[in-house]
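# A closer look at the structure
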Amino acid sequence: MSGYPASMQESIKKLNETRDFRLKQEIPRLPFAEREKLLHAHHPDYRASANAEVHLGPNKGQKLTLKLVQLLEAKSRLDPDKVDLNKIDYDVDVLVIGGGGGGVAAALLAQENGAKVMLTTKLRVGDSNTIMAEGGIAAATKEIDSPERHFMDTLGGGRFKNKRDVISALVHDAPLIVEWLKGLGCMFDTHPNGDLVVSFAGGHQRKRVHSCKDLSGMEFMRVLRDEMYNRQIPTLEFSPAIELLMDDQGNCSGAILLNMETKQYYVVRAKAVILATGGIGRLHPNDFATTNHYGATADGLVIAYRAGANLLNMEAIQYHPTGAMWPHQMLGQLITEACRGNGAQLVNKNGERYINELETRDTVSSANLREVQERGNGIITPMGTQGVWLDTPLINIRGDAGKLDRMFAGIVRRFGEYGIDVRKEPILIFPTQHYQNGGVEIDPYAQTCIPGLYAAGEVSGGVQGINRLGGNSLLDIFVFGRRSGTRAAEFAKKRKVGKLTLKHVTEYNHQLEQLGISNDVESPLLLPNYMREDIKQVTLK
Amino acid sequence: MSDQLIPIYVMGKRYDVPEGLTIMTAMEWIGYKFIRGCGCRGGFCGACGTAYRLAGDYKLRFGLACQALVQPNMHLTQIPFYPNPKTPYNIEDIKDPVETLLTLFPEIKKCVGCGACAKACPEGLRPIDYIAAALRGDWKTAAELSFDCLMCGLCASRCTGELVPHNIALFIRRYYSKYVRPMPANLLARTKEIRDGKFDNGVKKLANMSEEQLKKLYDQRDFEKI
């Protein structure tokens, strides 16, 4: 029995009937100007409620994504007067904040470059969006490909708002990163002759996404984590940074951590700090569902901002075109772009395609929203929600009968549990919040505008412009994770930490008072609260 | 989520929760705010391993709280952590993989083939089979059979031989991927070109173009066929 109710089966029939036609149908890619029109009309970033002006700090007067502004205009959850900065709990050369792929890569490289390193993270080491990345890592490794082509695709994908020196570094390092991961023992998908399998992702002109089945991020993460433990780099779990520390010379000099289980705080003094705290998804920008992990609450943006770091492109949020819409229990969960890269098509309730599936994510998401919200071509679920079809059986039809099981075993299994056989039936999808395109501005060496503070991965801004291409974020975290680790270790060798201070936090709180801003929120948020509303009202502190 | 409430027992306490929720969303509906036992919320990370029994059935069952649905009269507890320390090793220096395997994980010989691990795996993997493959020195099979492991640790919590199967599997996959499958020639050729600076001028030229020029080139790209 199918996991789809009869009401949805009708539309699946139409999808089956049009499949032969669709297999031969070519939909050309939109010229850049046409894409801009579609985005302005349908991308959620252009909704009136999407962004708000921030009234203080380095980006004062600019519009940033609304849910972030609420946290930037909140009081610190730390009372600086209650912290004793003379009692140092940990004294290191390099402090890495964040235990995803970027943070762990940074810690490995900082140690290789001679630094005494410590890594601290909010949840477990590895709890991150890295571990959830399915599709793979982009790199121009094929003969018919080149870093120039990768540069062009990334820049156009980011709508020409990327920092060009930063993406030059990205595409330069990409093949080196694949070599590095392979050398550490990551189990890449491999052809019988030993060459690595590469797939398409939207917006790339060549097949260049290197995968490890549909668990690419998991594979990279567990290997790097194992390597970090092999090299005995000290780690602290369940201990997020709740403010950065500065010294009296204006250098970033450590952080205050919170042990979330005992509520004790720790003072970490460091000669350099690497921020690798990830993104914003669990704030649910524009109230979308999200693919992100539990800890994606923009903590790093908040603490860096209070310390004086500027943000770039933080009005631009990425909505992934294919989040699960049915079964309801899987709402918003990622269906990897590699499905489209391997031939799955997007189909409306009438069995029609409406966009080239390998357009950039912002474009495909906007086309999906247009199809459902403007054209009324969505498929309605028993929950009253709507989506469009991702025709997954095409993957086997265009490849071979075993391709879905071989490359997308996780998807086959997860839907199988709900009675949906994705080899025979399509998946109902809808855009879901996926990525924070902007963040703390960095240069090609992952350096922020604050001496001693580096940023890598989703928390950073400049790499992805205002729209990221598939495969470029697993790349980003390792390129700038490694670069930040190397640079931070070098910087640490040259400097002496002055007198520690939290003056920036005191001053920030003071400014909020002067502006008369009080929104009853404390930040960083650390964790989202998914209790049901009526229970929230009756809980005691 | 339906209006129908069903009883579940969280660590022995009864709550009535809506049918159709996962264990994780049901616990949040009740009022839990997780610190441990919650990670990716999408079945990838293994943070939320859960053991449960159903009323009238002796069988101990396992699942991920973010994936498994609540069932009437389910008695459950999360197992968000299990003590599984690992012995460090140097991946760059493995001469004899069999010897290394037995040195790092001497307990591997204590596997009696009971299969308790396979019953505990929320991903439906069979550690018993990949451990057997490893003991035969069949790295390829061991690597492939264990690939979907999320390292939740539930197998280790049930192992009568006190093995930590997921750590053994990770060592084997790393060994296999690094040593048995050599670095592809095309990748080595490309990284040499990168190190020789072959593309530096080309990228620099693009980086210095005007946005107008770049937009024109962008629309003229030729795409590889799918």
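Report follows, based on the coordinates. Here the structure is a predicted model, which is why all the values come from computation and not from measurement.

Conventions and cut-offs
Residues numbered from 1 in each chain as written. Chains lettered and ligands numbered in written order. Predicted model: local features only at pLDDT ≥ 70, side-chain atom pairs only at ≥ 80, totals over all residues. Heavy atoms only, no water. 1 Å grid on protein atoms, 1.4 Å probe; cavity = no way out; pocket = protein on both sides within 12 Å on 5 of 7 lines; lining within 4 Å. Points joined across faces, edges and corners; volume = space filled by probe spheres on them. Helix = DSSP H or I, 4+ residues; strand = E, 2+ residues; numbered from the N terminus. Core = buried A, V, L, I, M, F, W, Y, C linked by side-chain atoms within 4.5 Å. Buried < 20%, exposed > 50% of the residue type's maximum accessible area, 1.4 Å probe, protein only. Contact = heavy atoms within 4.5 Å. Buried area = accessible area lost by both parts, 1.4 Å probe. Salt bridge = Lys/Arg side-chain N within 4 Å of Asp/Glu carboxyl O. Axes fitted to C-alpha atoms, helices over the stretch in contact; angles between N-to-C directions. Parallel < 35°, antiparallel > 145°, perpendicular 65-115°, else oblique. Left-handed = near helix turned anticlockwise from the far one by under 90°. Nonpolar A, V, L, I, M, F, W, Y, C, P; charged D, E, K, R; others polar. Pairing = 2+ DSSP bridges.

### So, the layout of surface pockets
Space inside the second largest pocket adds up to approximately 890 Å³. Among the elements of the structure, strand E7 (198-199) and helix H13 (403-407) of chain A together with helix H5 (139-146) and helix H7 (165-180) of chain B are those that each provide at least two residues to the lining of the second largest pocket. Considering each element in turn, the lining of the second largest pocket owes the most residues, three residues, to H13 of chain A.

### Some details on the nonpolar core
By size, the foremost hydrophobic cluster in this structure holds 230 residues, and its most contacted members are Ile137, Leu181, Phe478 and Phe480 of chain A. No other element matches the eleven residues that helix H7 (residues 164-184) of chain A contributes to this core. Listed in part, the six residues of the second largest apolar core include Phe62, Ile79, Ala120 and Cys152 of chain B.

### Re the interface of chain B and chain A
Contacts between the two partners involve 75 residues from chain B and, on the opposite side, 95 residues from chain A. In this assembly, chain B packs against chain A so that about 7600 Å² is buried in total across both faces, 57% of it on carbon and sulfur atoms. If you sort the residues of chain B by the area they bury against chain A, Phe44, Phe147 and Glu224 of chain B come out on top, with a joint share of 11%. The interface formed by chain B and chain A holds twelve salt bridges in total. Among the ionic pairs, Lys142 of chain A bridges to Glu224 of chain B, the shortest N-O distance being 2.9 Å.

### A closer look at the environment of Leu64 of chain B
Along the chain, Leu64 of chain B falls in strand E4 (residues 61-64). In the structure, Leu64 of chain B is positioned 88 residues away from Cys152 of chain B in sequence and 8.8 Å away in space, judged by C-alpha atoms.

### Some words on the packing of H7 of chain A against helix H8 (residues 216-230) of chain A
When two helices pack together, their arrangement is given by the angle between the helix axes and by the axis-to-axis distance. Residue and element names in this part refer to chain A. With their axes 10 Å apart at the nearest point, H7 and H8 run at an angle of 65° to one another. On the basis of the axis angle, H7 is roughly perpendicular to H8. Crossing angle aside, the handedness with which H7 passes H8 is left-handed. Contact residues: Trp180, Leu181 and Leu184 in H7; Phe220, Val223, Leu224 and Glu227 in H8. The residue makeup of the contact of H7 with H8, split by class, is six nonpolar, no polar and one charged.

### Concerning the sheet that holds strand E6 (residues 137-138) of chain A
Residues and elements named next belong to chain A. With antiparallel pairing, three strands are arranged side by side in an open sheet as E6-E8-E7. The open sheet has two edge strands, E6 and E7, and neither has a second partner. In the sheet, E7 pairs with strand E8 (residues 209-210) via two bridges, with the strands oriented antiparallel. In the sheet register, Ser199 faces E8, and the bridge partner there is Val209.

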